[in-house]
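# Examination of the molecular architecture
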Amino acid sequence: MGTGKKGLLKVLSFLLTAVFICACGLDTFYYVDSPVSDSHIASYLSDDPVSNYFSCRTTEESPSENQYMFGSSECTFLGTEIYYKIYNNASTMISTESTIGNMASDSGTSSSSASYLIDTKGYKPLKLSSGAVSPLIKAGSSPQNRFVYIKLTDSEPICVSSSPMQIYVAGNELLVGGNPVYPRRYIDSGKGFSFGLNDDNPVPLQTDEDVTWSDSTTETGVWYVDMYAVSLARDVNYALQYSRPYLMGSVSIRTE
């Protein structure tokens, strides 16, 4: 083959490659800001009932550069969802938290950390004592960061406020249908977290969807619950986009 023909083939090959790249385009990735700390994180090691609550601050007002813009045509912020899991072995919980944390902090895996939390590890969205709301903390009519307070009892409703909360504050209750709502398990919105207290608070079973069961328990009669907050948005193709999960901590619950 002559030199001229070889040169022509090279030119044609380059042009075909360029056309292929232009035709395919590049995938579009959306980065959604995650909820952040309000300076409190729950610890299953704590015996203080007052600090035995979950909290965070939603991120809605000032998304960082290169992330979604509230009300933009590219991605619309929907709100903040709360996910949890029940364990009978604290070490198993801690190992899962470590894996999720490492994924969320690594630029190569951060975009898939929410999928790992939900699809792989089976974390479930928190349900409410009445009504069905998704995400739990819906976006308001205008961007506003809000503070969330959740205690896994039947005595304190979920609270949302413009200021941090360390205890239940009357007037800040999350309302659904005009009524304050309380945290309930994914398996049944009538089931609470005061395990063993009564029929509405049964002891978790190995087969429950919101339970990660280990053959060896850390302590008989003690359960461990950890909780994550995740920002949700919808892109132009109506696909859900998730932020990195934010770990609000964990609590221990003794059966009554």
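Here the structure is shown first, and the text comes after it.
Structural notes, computed from the coordinates. What you are looking at is a predicted structure, and each value in this text was computed from that prediction instead of being measured.

### Looking at unusual backbone geometry
- Cis geometry is found at the peptide bond from S134 to P135, where omega equals -5°.
- Looking at the element boundaries, P135 is found in the loop between β4 (127–128) and β5 (137–138).
- Phi is positive for S39, which is not a glycine, with a value near 85°.
- Secondary-structure assignment places S39 in the loop between α1 (3–24) and β1 (54–57).
- In this model, Y238 sits at a positive phi of 65°, which is unusual for a non-glycine residue.
- Residue class for Y238 comes out exposed when judged on its relative accessible area of 68%.

### Examining helix α2 (residues 90–105)
- The end-to-end C-alpha distance of α2 is 22 Å, a good match for the 22 Å that 16 residues give at a rise of 1.5 Å each.
- Buried within α2 we find A90, M93, T96, E97, I100, M103 and A104. Buried residues of α2, viewed axially, fall in a sector of 155°; they line one side. Set apart from the buried face of α2 by more than 90 degrees, the exposed residues are S91 and S105.
- Two to three positions downstream of the cap, the backbone nitrogen of S91 sits 2.9 Å from a side-chain oxygen, assigning the N-cap of α2 to N89.

### Here's the deal with the sheet that holds strand β6 (residues 147–150)
- Spatially, the 3 strands line up as an open sheet ordered β1-β6-β7, and their pairing is antiparallel. Of all strands in the sheet, those bounded by a partner on one side alone are β1 and β7 (159–161). Sheet twist, expressed as the mean angle between neighbouring strand axes with direction ignored, is 15°.
- Sheet topology places β1 next to β6; 4 bridges connect them, and they run antiparallel. Within β6, the residue paired with C56 across the bridge is V148.

Cut-off values and rules
Residues numbered from 1 in each chain as written. Predicted model: local features only at pLDDT ≥ 70, side-chain atom pairs only at ≥ 80, totals over all residues. Heavy atoms only, no water. Helix = DSSP H or I, 4+ residues; strand = E, 2+ residues; numbered from the N terminus. Buried < 20%, exposed > 50% of the residue type's maximum accessible area, 1.4 Å probe, protein only. Expected span 1.5 Å × (residues − 1). Arc of directions from axis to C-beta. Polar contact = N/O pair within 3.5 Å; in protein donor to acceptor, adjacent residues only side chain to side chain. Pairing = 2+ DSSP bridges. Axes fitted to C-alpha atoms, helices over the stretch in contact; angles between N-to-C directions.

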